[in-house]
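Take a look at the letters that make up each chain.
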Amino acid sequence: MTGADHQPSLRTRLRSLRPDAFGADPAGARMERIRRSPNFADGVFQNPEGARTRPSGSMLEFAKVYFHKEERVRRSPVGTVPVHATTLADLATPPATGLRVTWLGHSSVLTEIDGRRVLFDPVWGERCSPFGFAGPKRLHPAPLPLASLGPVDAIVISHDHYDHLDLPTIKALAGTDTVFAVPLGVGAHLERWGVPVDRIHELDWNETVQVAGVGLTATPARHFCGRGLRNQQHTLWASWVVAGPEHRVYHSGDTGYFSGFQDIGAEHGPFDATMIQVGAYSEYWPDIHMTPAEGLRAHLDLQGGRPHGALLPIHWGTFNLAPHPWSEPGEWMKDVADEAGQTVALPRPGEPFEPSGDVPTEPWWRAVAHPITRPWQLSEVMDTAPAHREEVDLAGER
């Protein structure tokens, strides 16, 4: 045997140079399962309805909007974001109603449901980026240290973009006993980062796993995936239903509006609370993120067409990911929800609330936001077919 026989292949050497944050590509039995999925065709996962996953329109025009000095200033708060100061103490007492929801910023939400704790899309990192020196940086600190959060029964991941699947957070959680529920293919990333395979449940759409007496169901979403330079679309994206003996909640992950919300609601609803993505929208990617008007329409679809439960707007306020003003998602959602008679929860990051109890509704962001104009029209939510404002997310949604 020659010395050359011991040399690693070019592919192996290149893989060793791959940043750890890129994760791992599905392979072997995992990839075979992906190929058998009814949602996988022509070598990629498919959306439930057609969707443009790359920015549309003129990139020159987009650059003019995105880098325009006056508009860029409006995409950040003017002062310190008022994070809730007593999150840890508030969580020490069990919820009186059996259901409590704590928005921790962006799409990270702790749900205490029927005696169990489910953590959605935990992101404690400083940047949603594969690099520690570049990429969108947090606009407010996490409301409490990850180590202080305490035991969690299940961690649910919606998809593998950097602002939802965070390497430092997952590595910190890998050393716990927590079970992970993720869409197909995402388990490859977790394994690379040290999560034992026996603690990973990978689900296709409409599959359910029981964890500690709570059902976790992956449901369709209209989005896309990818972390590396080669985006192979081999990891699925999902919204999630969590159903306990007494309560049930819905987390949208990232998604464009689509007719499937009605089907999800008919199958799994109504919900005591929904967590709906309403930020990082733009006319350059209208199919993969929702505006607040579309988010409210999605909530109503999930609830059988009528106001019900509490709607928590997520995916806004923590990272600057799109051209719209920082506070616009909050203002827009407050307006359209009020008009529709829908209870909308507007907590400060880290402020727990019980959906059937006192729900925070004060527009806390106004104290640290630039004044904005209202480009939206009221009554648009109640239209039969919600109109896209032709809006999408530039940063590749990362």
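Scroll up for the structure.
Quick notes on the rules
Residues numbered from 1 in each chain as written. Predicted model: local features only at pLDDT ≥ 70, side-chain atom pairs only at ≥ 80, totals over all residues. Heavy atoms only, no water. Core = buried A, V, L, I, M, F, W, Y, C linked by side-chain atoms within 4.5 Å. Buried < 20%, exposed > 50% of the residue type's maximum accessible area, 1.4 Å probe, protein only. Pairing = 2+ DSSP bridges. Helix = DSSP H or I, 4+ residues; strand = E, 2+ residues; numbered from the N terminus. Contact = heavy atoms within 4.5 Å. Salt bridge = Lys/Arg side-chain N within 4 Å of Asp/Glu carboxyl O.

Let us now look at the nonpolar core. If you look at the biggest cluster of nonpolar residues, it comprises 72 residues, and the most contacted ones within it are F120, L216, W240 and L312. Residues L104, L119, I157 and L167 belong to the second largest nonpolar core, which totals 36 residues.

Another aspect to go through is the sheet that holds strand β5 (residues 116–120). Sheet architecture is open: seven strands sit in the order β8-β7-β6-β5-β4-β3-β16, paired in mixed fashion. Strands at the two margins of the open sheet, each flanked by one partner only, are β8 (200–203) and β16 (352–353). One ladder, built from six bridges, connects strand β3 (residues 99–105) with strand β4 (residues 108–113); its direction is antiparallel. Note on β4: the bridge partner recorded for G105 is S108.

This paragraph deals with helix α9 (residues 292–302). Of all the 11 residues making up α9, 11 are buried; the element is thus mostly covered by neighbouring parts of the structure. Residues of α9 that are buried: P292, A293, E294, G295, L296, R297, A298, H299, L300, D301 and L302. Where α9 is buried, its residues contact β12 (248–251), α8 (260–268), β13 (273–277), β14 (310–314) and α10 (328–340). Directly after α9, the chain includes G304, whose backbone phi takes a positive value near 80°.

Applying the stated criterion across every chain yields a total of 15 salt bridges. With its nearest N and O atoms 2.9 Å apart, the salt bridge here joins R374 to E331. Of the two residues, R374 is situated in the segment after β16 and E331 in helix α10; the sequence distance between them amounts to 43 residues. With a relative accessible area of 42%, R374 lands in the partly exposed category. On the basis of relative accessibility, which here comes to 7%, the residue E331 falls in the buried class. Here the salt bridges do not stand alone but share partners, grouping E331, D335, R366 and R374 into one network.

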